[in-house]
Amino acid sequence: MTSILTLTAAVLRDPNALVDAHDNGVDLPRLAPPLLAITVIGAALFGLMVGSQRGELQLLYAAVKMPVLLLAPPLVALPALHSLWRAAGVEVRWGRLSLAALAAMARSAVLAAALGPVLWLLYSLNLDYHDAVLLMVASIGLAGLPGVAALVRALPGGGDLRFLAAAGSALALFLAFAQTGWLLRPFIARPQAAVSFLRPVEEDVFSSLSATRASSKGDYRGWEVRSAGVLGEEEAP
Amino acid sequence: MDITLASPAPRSETAPLRPLAVLRATGGWLLLAVVALAAEPTALAESAPLTLAAPAGALLLTVPALLVGHQFLNLRAAPSALLSALLRGYCGAGDVALGLTPLALLFSATSALGPLILMVTVGGAGLQALAVTLLRLARAEDAATAEPDLAAKGRMVVLGLAWAALTALIGLRLSFDLANSLF
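What about the overall build of chain A?
Link 1 in the chain: Check the secondary structure of chain A and you find 8 helices and 0 strands.
Link 2 in the chain: When burial is assessed residue by residue, chain A has 48% of its 237 residues classed as buried.
Link 3 in the chain: For chain A, the exposed surface amounts to about 11,300 Å²; the carbon and sulfur share of it is 68%.

Quick look at the packing of aromatic side chains
One pair of aromatic rings is described through two measures. These are the centre distance and the angle between the planes.
All names here are of chain A.
Link 1 in the chain: Following the criterion strictly, the structure yields 1 aromatic pair over all chains and no others.
Link 2 in the chain: Here the aromatic rings of Y61 and F197 are separated by 5.1 Å at their centres, their planes lie at 75°, and the arrangement is edge-to-face. With Y61 in helix α4 (residues 57–87) and F197 in the loop between α7 (162–184) and α8 (205–216), this residue pair connects regions lying 136 residues apart in the sequence.
Link 3 in the chain: Residue class for Y61 comes out buried when judged on its relative accessible area of 18%.
Link 4 in the chain: We note K65 situated over the ring of F197; from NZ or CZ to the ring centre the distance is 5.5 Å.
Link 5 in the chain: The ring of W182 carries the charged tip of R185 above its face, separated from the ring centre by 3.7 Å.

Digging into the confidence of the model for chain B
Residue and element names in this part refer to chain B.
Link 1 in the chain: Residue-level pLDDT values for chain B average 85, and 91% of them are 70 or greater.
Link 2 in the chain: Taken element by element, chain B is modelled with least confidence in helix α2 (residues 41–72), mean pLDDT 87, and with most confidence in helix α3 (residues 79–99), mean pLDDT 92.
Link 3 in the chain: Taken as a whole, residues 6–14 scores under 50 in pLDDT and shows 15 contacts with residues more than four places along the chain or in a different chain.
Link 4 in the chain: Under the prediction, the complex receives an ipTM of 0.74, its pTM being 0.79.

What to know about unusual backbone geometry
Residues and elements named next belong to chain A.
Link 1 in the chain: Residue P186 is bonded to the preceding R185 through a cis peptide linkage, with omega at 5°.
Link 2 in the chain: Its place among the elements puts P186 in the loop between α7 and α8.
Link 3 in the chain: One non-glycine residue, E56, lies in the positive phi region at around 55°.
Link 4 in the chain: Following the sequence through the fold, E56 ends up in the loop between α3 (28–51) and α4.
Link 5 in the chain: Judged by its relative accessible area of 61%, E56 falls in the exposed class.
Link 6 in the chain: The backbone of L161 shows a phi angle near 50°, a positive value even though the residue is not glycine.
Link 7 in the chain: Relative to the elements of secondary structure, L161 occurs in the loop between α6 (129–153) and α7.
Link 8 in the chain: By relative accessible area, which is 24% here, L161 ends up partly exposed.

What to know about the pattern of salt bridges
Link 1 in the chain: As enumerated under the stated definition, the model contains 9 salt bridges over all chains in all.
Link 2 in the chain: A salt bridge links R139 of chain B to D160 of chain A, with the nearest nitrogen and oxygen atoms 2.4 Å apart. You can see R139 of chain B sitting in helix α5 (residues 114–144) and its partner D160 of chain A sitting in the loop between α6 and α7, one on each of two chains.
Link 3 in the chain: Taking the relative accessible area as the measure of exposure, R139 of chain B reaches 44% and is therefore partly exposed.
Link 4 in the chain: What makes D160 of chain A buried here is its relative accessible area of 7%.

A few points about the environment of H82 of chain A
All names here are of chain A.
Link 1 in the chain: Structurally, H82 can be placed in helix α4.
Link 2 in the chain: C-alpha of H82 to C-alpha of A165: the two residues are 83 residues apart in sequence and 9.5 Å apart in space.
Link 3 in the chain: Those residues in contact with H82 that sit more than four places away from it in its chain are V92, W94 and L97.

What counts, and at which threshold
Residues numbered from 1 in each chain as written. Chains lettered and ligands numbered in written order. Predicted model: local features only at pLDDT ≥ 70, side-chain atom pairs only at ≥ 80, totals over all residues. Heavy atoms only, no water. Helix = DSSP H or I, 4+ residues; strand = E, 2+ residues; numbered from the N terminus. Buried < 20%, exposed > 50% of the residue type's maximum accessible area, 1.4 Å probe, protein only. Areas by Shrake-Rupley, 256 points an atom, 1.4 Å probe, with all protein chains shown as cover. Phe/Tyr/Trp six-rings, centres within 6.5 Å; stacked < 30°, edge-to-face > 60°. Lys NZ or Arg CZ within 6 Å of the ring centre and 35° of its normal. pLDDT = per-residue confidence, 0-100. Contact = heavy atoms within 4.5 Å. Salt bridge = Lys/Arg side-chain N within 4 Å of Asp/Glu carboxyl O.

Next up, the structure:
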């Protein structure tokens, strides 16, 4: 327990020093389980607070899904990050990148858990559904940015036009995070809807944003969802 | 558990280009196309070759012009140094395509955005590679010049920019064919 607390303090205070000190190809298997545990615990606590907006089973569902939301996007985007920085002339070893990503995720998860009580307080004031969703997204963004910053700072110096690689990395992470969040919805159940663990695979996050923007102007068309993608194809009757 | 904090480790230098790197980069473009268009098998046969044609075609069509212009302008760098910089740019872009494959798989499996992700990747990876290659070409010329020569430097900058503009335009033209086959 003490070591996990020490590790938590290390990822909050100076994650790059932690990565530098243990970037030897040996420590990663030793540090990965506690870092993953910190991420899962932190994200699950944050998920509980998000689920409190509706209560009942949504508490459990959001607590189970939130760690996946934090862990899956880096898994999908890490190969893109590695190749983008390599193309810019920065050689990053997979071991270092993985350790940096784990530390970054743990950092974001702990910060998200710390923001949880603020969410609970605001949700307890009967916040509107759309405001509740926006507040959750803003909280994740607020907790995620220090993690992304730590990940980028852990990469070696040098290279050409680093800002292009950094911009590409941020875009890849954002896209992976947005689509994963869309797939794992609902984190906050609509007031009229029944509580469900997952919704069917349909459309994409950007079509939803477009429909939301139209709805805010009084145009409620565009919410008819269609199955899309390999996993979303419907079987013929 | 022993957790220590230490000063930054030494930074690694860029590794020399391996022969298999070109094959991996080419495979990266093709694999990205296959994965991004997995939900649309009919478009795949036509679009996969076009995906590779955009970066490879743009490079093949403009490299001779760059080498001819370089010799004509009496610049110093060895053609092999320029070719090495160009090849490294191509491999870098192919590696980016390969690295973006999991992201493309996520979108093609769960949405209809696979083709759009493919187009964005071709454009983004191509532009990054072009900008980085331009810098490396200028650096190769600098390395070959013993004493500072402002006139030669100016000629190299103009040649590099002209080459980059031509490559970008040809890449756009080839990408237009790809977009036509997809949308």
